[in-house]
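This is what each chain is made of:
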Amino acid sequence: DALKEVLNVEEASELLGISVDSINYYVQNNLIPHKKIGKHTRFSKAFQLKWIEEDREDIMQNFRKRR
């Protein structure tokens, strides 16, 4: 669904064009913006698109400050 704003790992993988294994690696190493809800990992579609379009280092610094 193109309007879905909250993505699971598989949907984030498809959106970004990278493997589920890569997504999981980025999550484990806190390299990609995400939110853990219980044992589930969720991603904001808008933030993922922003992450790939802008300077990733600046975005990750802001993300780490909020955690």
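Read on for an overview of the structure. In this text the structure is predicted, and so the values were computed from the model without any measurement. (Residues numbered from 1 in each chain as written. Predicted model: local features only at pLDDT ≥ 70, side-chain atom pairs only at ≥ 80, totals over all residues. Heavy atoms only, no water.)

### Focus on the nonpolar core
Here is the rule: Nonpolar cores were defined as sets of buried Ala, Val, Leu, Ile, Met, Phe, Trp, Tyr and Cys residues, with membership established by side-chain atoms within 4.5 Å. Only protein chains enter the accessibility calculation, which uses a 1.4 Å probe. A residue is then buried if its area is under 20% of the maximum for its type, exposed if over 50%, and partly exposed in between. Every helix listed is a DSSP run of H or I at least four residues long, and every strand listed is a run of E at least two residues long, numbered separately from the N terminus.
L7, V9, A12, L16, I23, V27, I32, F43, W51 and M60 form the largest nonpolar core, which has 10 residues in total. Elements represented by at least two residues in this core include exactly α1 (9-16) and α2 (20-28). Of all the elements, α1 adds the most residues to this core, at 3 residues.

### Looking at helix α3 (residues 45-53)
As a reminder, the rule being used: Within this analysis, the arc is defined by the directions that extend from the helix axis to the C-beta atoms.
Those residues of α3 that sit buried are K45, Q48 and W51. Each buried residue of α3 lies within a common arc of 120° when the element is viewed along its axis, so the set occupies one face.

### A few points about the pattern of salt bridges
Definition in use: When a carboxyl oxygen of Asp or Glu lies within 4 Å of a side-chain nitrogen of Lys or Arg, that pair is called a salt bridge.
Enumeration over the complete set of coordinates arrives at 1 salt bridge. Residue E11 is joined to K4 by a salt bridge in which the shortest nitrogen-to-oxygen separation is 2.9 Å. Accessibility expressed as a relative area gives 25% for E11, which makes it partly exposed.

### Considering the packing of aromatic side chains
Applicable threshold: Each Phe, Tyr or Trp ring (for Trp, its six-membered ring) is paired with any other whose centre lies within 6.5 Å, and the angle between the two planes then decides the class: stacked below 30 degrees, edge-to-face above 60, tilted in between.
Applying the stated rule across the entire model yields 2 aromatic pairs. Taking the centre distance of 6.0 Å and the plane angle of 65° together, the rings of Y25 and Y26 count as edge-to-face. The interplanar angle of 65° and the centroid separation of 6.4 Å between the aromatic rings of Y26 and W51 together place this pair among those described as edge-to-face. One end of the pair, Y26, is in helix α2; the other, W51, is in helix α3, with 25 residues separating them in the sequence. Note on W51: relative accessible area 5%, which makes it buried. Pairwise contacts between aromatic rings join Y25, Y26 and W51 into one cluster.

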